[in-house]
Amino acid sequence: MVGEMTEMTEPPLLVAARGGTPSRTPVWFMRQAGRSLPEYRALRAGTAMLDACFDPEMVCEITMQPVRRHDVDGAILFSDIVVPLKAAGVDLDIVAGTGPVVASPVRTRDDVAALPELEAAHVRPVADAIGLLLKELGNVPLIGFAGAPFTLASYLVEGGPSRNHERTKALMHSDPDLWHALLAKIADITAEFLRVQVEAGVKAVQLFDSWAGALSERDYRTFVLPHSTRVLESITGVPRIHFGVGTTELLPAMREAGADVVGVDWRTPLDVAVRRMVQAAPDLPPPVVQGNLDPALLFAGIPALEREVDRIVEEGKVASGHIFNLGHGVLPDTDPDVITKAVELVHRSR
Ligand code: 1CP
């Protein structure tokens, strides 16, 4: 009886994440909070991004805004991948229009040795925000997240956003020992940040390795996979989503890292993505996938959007479960009403 009750009320996102059959296709959008919404811009006016991330009431309100508007099946915690670095004491800022900028890039043995450790107390405001959110969200699951070691290393080594990640790749290949020491330290920070979020009550976590697609599969396996694996394996009790952009070649390896759900960008059709992962691991059931509408399609008009949603839902059927999402984050100029419409279309599709 208790089991039946739990089954009945388990949110579609969590049912899909464990490979069950949800009552409707669950959908949420990466960067649904804090990008395209006028109510977000109004609330954030006059507050620096990182100050907002350490203000529990503001984090709670910004996280709730897209949930109220769009009827999405998941809430993504409003934060940023550099929050745990900042909290631990790394001198960095998020510059509007640019992104994270690190005051002293990390490139030498001394720089790596000087990287601080993250303690739970450093990110207490994030845990407090999660506490507030659990009271507001009802049955909608809260998704916590962190940046994966490679993507965070890229910001630390380059000193900011980078197109080619040349200093990062140079460090990786010229001094592998130093590289692994750096990634091990970041993995500790990431694992602790996720542990705090799970303990505070998030119902799923996503590891964002946004820039992993810049790597060959060989380099990914040698220099990144062991560290992302350690992070994902440290998380127990909630589903783990593993996402990157441009990762067509990396999907089997990203699954191997210990993901319950593999995020797929818009370049690879979901059925092709699933087939690749099944071929690489024929003894496992097909994976659960998340994705993969091209964020630009939210500008293409409703008929085109509807066709794409139907195609993606259909292609997702070969997976063990499908959480609908974009293939990357919501673009800043997206019309919020189109996002609401996309959610409706996903929920209506079958
Ligand atoms: O839905 C949400 O918006 C939730 C909050 C969220 C998330 C999940 C933010 C707020 N950032 C992130 C993750 C994040 N941050 C990623 C991984 C996801 C992705 O690939 O999009 C990355 C790579 C970052 C780094 C970052 N932070 C960038 C990208 C820079 C680059 O290298 O191109 C930027 C612009 C930021 C700042 C940022 N983060 C979030 C917001 C709302 C903003 C803009 C703040 C401002 O400029 O005032």
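Residues numbered from 1 in each chain as written. Predicted model: local features only at pLDDT ≥ 70, side-chain atom pairs only at ≥ 80, totals over all residues. Heavy atoms only, no water.

### Considerations on the UniProt feature "domain: Uroporphyrinogen decarboxylase (URO-D)" (unreviewed entry) in the protein
- UniProt feature "domain: Uroporphyrinogen decarboxylase (URO-D)" (unreviewed entry): in the numbering of this structure it lies at residues 26-35 and 143-159.
- A distance of 21 Å separates the end C-alpha atoms of residues 26-35, which is 0% helix and 0% strand.
- Here residues 143-159 runs as 59% helix and 29% strand, with 28 Å between its end C-alpha atoms. (UniProt positions renumbered as here; feature names shortened; annotations may be inferred. Helix = DSSP H or I, 4+ residues; strand = E, 2+ residues; numbered from the N terminus.)

### A short note on the sheet that holds strand E5 (residues 204-208)
- Here we have seven strands laid out as an open sheet, ordered E1-E4-E5-E6-E7-E8-E9, and parallel in their pairing. Strand pairing shows two members of the sheet lacking a second neighbour, strand E1 (75-76) and strand E9 (321-326), which therefore form its edges. (Pairing = 2+ DSSP bridges.)

### Quick notes on the environment of Gly-147
- Assignment of secondary structure puts Gly-147 in strand E4 (residues 142-147).
- With a relative accessible area of 1%, Gly-147 lands in the buried category.
- In the structure, Gly-147 is positioned 23 residues away from Arg-124 in sequence and 18 Å away in space, judged by C-alpha atoms.
- Here Gly-147 is in contact with Ile-81, Leu-152, Thr-190, Leu-207 and Phe-208, once residues within four sequence places are set aside. (Buried < 20%, exposed > 50% of the residue type's maximum accessible area, 1.4 Å probe, protein only. Contact = heavy atoms within 4.5 Å.)

### So, the UniProt feature "binding site: substrate" (unreviewed entry) in the protein
- UniProt feature "binding site: substrate" (unreviewed entry): in the numbering of this structure it lies at Arg-31, Gln-32, Ala-33, Gly-34, Arg-35, Asp-80, Tyr-155, Ser-210 and His-328. Taking the farthest pair of C-alpha atoms as the criterion, the annotated set spanning 298 residues is dispersed, since that pair is 22.6 Å apart.
- Inspection of the secondary structure assignment puts Asp-80 in the loop between E1 and helix H6 (83-88).
- A polar contact is formed between the side chain of Asp-80 and the backbone nitrogen of Val-82, at a distance of 3.1 Å. (Polar contact = N/O pair within 3.5 Å; in protein donor to acceptor, adjacent residues only side chain to side chain.)

### What to know about helix H5 (residues 56-70)
- Between the first and last C-alpha of H5 there are 22 Å, a value that for 15 residues agrees with the 21 Å anticipated at 1.5 Å per step.
- Its axis deflected by about 25° at Met-64, H5 carries its strongest bend there, up to four residues before the proline Pro-66.
- Along H5, 11 of the 15 residues are buried, which leaves the element largely enclosed by surrounding structure.
- Where H5 is concerned, the buried positions are Pro-56, Met-58, Val-59, Cys-60, Ile-62, Thr-63, Met-64, Gln-65, Pro-66, Val-67 and His-70.
- Residues of H5 that are buried sit in contact with helix H3 (38-44), helix H4 (49-53), E1, helix H8 (124-137), E4 and helix H16 (336-348).
- Immediately downstream of H5, the backbone of Asp-71 shows phi near 60°, a positive value. (Expected span 1.5 Å × (residues − 1). Bend = angle between axes of the 7 residues up to and from the residue.)

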